[in-house]
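Listed below, chain by chain, are the residues.
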Amino acid sequence: MTIKEFAYSTQQHLQASAKGPFKRAHIYELLAASFGFNSYAALCANSVFTDVSMPSQIPAKHRSLVRNRCVEMGYQADVADEVSNALPDFLTEREFGVFGIDGLAALLRTELDGNGEYPADEEDDEPEDWNDSVESQRAFTDAMVASPILLEGLDNAARKGNALAHYALALIQRFSEDVEEPEPGSEHWYLQAKAGRILTGVEKEWAAAYEAHLAVSQKYVHHLRAAAALGEPNALLDLADQFNDPTFFELGIDRVISNPVSVAEIAERLDRPEDAKRWLTMAAESGETDAMRQLIETFDQSDLYRCWTWVYLAKLLGSDLTQDAHYAINEDGSPYDEDVGGPAFVGGHEGASLDSLSAVQDVAARQAAQGLYARIQGGTDELSAGYP
């Protein structure tokens, strides 16, 4: 169903409920009011409609805004009363909602980054509950990217120059590409078909699958580059990651959806050590103990005060960077599973071995660590964190 078709069905419902005519343009305004927006234009600036159920959205709580908007547009008070009762119930029944474009981009980025995997060091907690949560989020994401109304809204926003809408569309293409990876060798049959060979059976299916895969990839690159051209930081980061384009780092951007450790890894691949250090520092100041360890080992070796600050901060967060940490892994670096068996290898790292600080510097390092810890615990936005 398209947005226009839904607006039409809403118009028919309200005309039957309120016993009077409604202009189509007014329906869009009332739909926006049902989700707390003062106008349809305000909604379209950063959000899109969707036909995916979201329990957190309760149109009924905006009945007064719907009524007031109705009166503003010239309808009588009794008609406004009827609309304010009928419309929210209709939307709830049809599972119609609104989703922020920034939230959609963050949701897709989380899925693509693989943040749904269960943490290896928490295996004894509640893996069943974790996996249920991950599966639920994945099902929600699948439904969102399959919503025709949501996709139409993103297309409309992108055509109007909304950079984040372009980026969300790019992520949707990449998300779809991950789900429908073509069979190995399908490119060969696609090229054979392009050369004029008549294919049948599985070869024809593989060629068609690769052609569809190629179309998705082309759409992905188109929307990614469009978003980057409009200055979307996350798109610029993806260009750096996938196409070695350094523009993201040249612009000095300091806030993206991805974890700052991942950004530091991209900077290292592009041979930009200063940027790698900057993003690792952001990660460390946000509480990433692995980033603290890497800074001690690689970037802050010559700054003993800085190294001890990381050691003391890590201790406050429950990790001792001066202790060795070794564990069994498989040959590919994945965690070793005793139930599976096979050859085991030693993974992990040596503890940091640092010279002592002077008494004065040691006190200062502990105080600096306490200050960083307080900001981490307080959740303040004083740090230049790499993600919201």
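Residues numbered from 1 in each chain as written. Predicted model: local features only at pLDDT ≥ 70, side-chain atom pairs only at ≥ 80, totals over all residues. Heavy atoms only, no water.

Scanning the protein for helices and strands turns up 18 helices and four strands. Looking at the 388 residues of the protein, the share that counts as buried comes to 39%. Taking contacts inside the protein between residues at least 6 apart in sequence as the whole, the part at least 24 apart equals 64%. Accessible surface, the protein: about 20700 Å² in total, of which carbon and sulfur atoms supply 48%. (Helix = DSSP H or I, 4+ residues; strand = E, 2+ residues; numbered from the N terminus. Buried < 20%, exposed > 50% of the residue type's maximum accessible area, 1.4 Å probe, protein only. Contact = heavy atoms within 4.5 Å. Areas by Shrake-Rupley, 256 points an atom, 1.4 Å probe, with all protein chains shown as cover.)

Below, the discussion takes up the environment of Cys70. Relative to the elements of secondary structure, Cys70 occurs in helix 4 (residues 63-72). Distance from Cys70 to Ala33, taken between C-alpha atoms, is 9.3 Å for residues 37 residues apart in sequence. Beyond its immediate stretch of four places on either side in the chain, Cys70 contacts Phe22, Leu30, Tyr75, Ala80 and Val83.

Looking at soluble globular proteins, one finds that nonpolar side chains tend to be buried together. In this structure, Leu104, Leu154, Phe248, Phe249, Trp279 and Trp310 are the most contacted members of the largest nonpolar core, which totals 67 residues. Per-element accounting of this core gives the leading share, eight residues, to helix 9 (residues 163-179). Setting aside its immediate chain neighbours within four residues, Phe248 contacts Pro233, Leu236, Leu237, Ala240, Ile253, Val256, Val263 and Trp279. Ala7, Val66, Ala80 and Val98 belong to the second largest nonpolar core, which has 29 residues in total. (Core = buried A, V, L, I, M, F, W, Y, C linked by side-chain atoms within 4.5 Å.)

Among the structural elements, Ala32 can be located in helix 2 (residues 24-33). Here Ala32 falls in the buried class, since its relative accessible area comes to 0%. C-alpha separation for the pair Ala32 and Leu43, spaced eleven residues apart in sequence, amounts to 6.2 Å. Once residues lying within four places of it in the same chain are set aside, the contact partners of Ala32 are Phe37, Ser39, Tyr40 and Leu43.

What follows deals with the pairing of strand 1 (residues 47-50). Residues of strand 1 alternate between two faces, with Ser47 and Phe49 on one and Val48 and Thr50 on the opposite face, all of them buried. One ladder, built from four bridges, connects strand 1 with strand 2 (residues 97-100); its direction is antiparallel. Looking across to strand 2, one finds that Thr50 is bridged to Gly97. (Pairing = 2+ DSSP bridges.)

Averaged over the protein, the pLDDT score is 84; the fraction of residues at 70 or greater is 83%. Considering only residues more than four positions removed or in separate chains, one finds that residues 115-127, a stretch of pLDDT under 50, has 13 contacts. Confidence over residues 380-388 falls short of pLDDT 50; this stretch has 31 contacts with residues more than four positions distant or in other chains. (pLDDT = per-residue confidence, 0-100.)

So, about the side chain of Arg69. Take Arg69: it is sitting in helix 4. Setting aside anything within four residues of it in sequence, one finds Arg69 in contact with Glu29, Leu30, Ala33 and Asn38.

Take the packing of aromatic side chains next. The tally for this structure, following the rule as stated, stands at eleven aromatic pairs. Ring geometry for Tyr28 and Tyr40: centres 5.1 Å apart, planes at 50°, overall tilted. One end of the pair, Tyr28, is in helix 2; the other, Tyr40, is in helix 3 (residues 40-46), with twelve residues separating them in the sequence. On the basis of relative accessibility, which here comes to 17%, the residue Tyr28 falls in the buried class. By relative accessible area, which is 22% here, Tyr40 ends up partly exposed. Taken together, the ring pairs in this structure connect Phe6, Tyr28, Phe35, Tyr40, Phe49, Phe90 and Phe96 into an aromatic cluster. Here the guanidinium or amino end of Arg225 rests over the ring plane of Phe243, the centre of that ring lying 4.8 Å away. (Phe/Tyr/Trp six-rings, centres within 6.5 Å; stacked < 30°, edge-to-face > 60°. Lys NZ or Arg CZ within 6 Å of the ring centre and 35° of its normal.)

This part is about unusual backbone geometry. Generally, phi is negative for residues other than glycine and the peptide bonds are trans, each holding for most cases. If you check the backbone angles, Glu95 has positive phi at about 55° while not being a glycine. Residue placement: Glu95 occurs in the loop between helix 5 (77-93) and strand 2. The partly exposed category is assigned to Glu95, whose relative accessible area is 42%. The residue Asn244 is not glycine, and still its phi comes out positive at about 55°. With respect to the helices and strands, the residue Asn244 is situated in the loop between helix 12 (233-243) and helix 13 (247-250).

Two measures define how a pair of helices packs: the angle their axes make with one another and the distance between the axes. Contact geometry for helix 14 (residues 260-269) and helix 15 (residues 273-285): axes closest at 8 Å, N-to-C directions at 170°. Relative to helix 15, helix 14 is oriented roughly antiparallel. Along its contact with helix 14, which presents Pro260, Val261, Val263, Ala264, Ala267 and Glu268, the element helix 15 presents Asp275, Ala276, Trp279, Leu280, Met282 and Ala283. Looking at the contact of helix 14 with helix 15 residue by residue, the classes come out as ten nonpolar, no polar and two charged. (Axes fitted to C-alpha atoms, helices over the stretch in contact; angles between N-to-C directions. Parallel < 35°, antiparallel > 145°, perpendicular 65-115°, else oblique. Nonpolar A, V, L, I, M, F, W, Y, C, P; charged D, E, K, R; others polar.)

On to helix 14, then. What helix 14 keeps buried is the set Pro260, Val261, Val263, Ala264, Ile266 and Ala267. Where helix 14 is buried, its residues touch helix 12, helix 13, helix 15 and helix 16 (289-299). Of the residues that open helix 14, the one with a side-chain oxygen 2.8 Å from the backbone nitrogen of Val261 is Asn259. Positive backbone phi, at 60°, marks Asp271, one or two positions downstream of helix 14. (Polar contact = N/O pair within 3.5 Å; in protein donor to acceptor, adjacent residues only side chain to side chain.)

All told, the structure shown has eleven salt bridges when counted by the stated rule. Across the pair Glu72 and Arg69 runs a salt bridge, and its minimum N-O distance is 3.0 Å. Note that Glu72 and Arg69 are positioned in helix 4 at a spacing of three residues, about one turn of the helix. The class for Glu72 is exposed, based on a relative accessible area of 59%. Notably, a salt bridge pairs Arg269 with Asp241, separated by 2.3 Å at the nearest N-O pair. Here Arg269, found in helix 14, pairs with Asp241, found in helix 12; they are 28 residues apart in sequence, far enough to count as distant. (Salt bridge = Lys/Arg side-chain N within 4 Å of Asp/Glu carboxyl O.)

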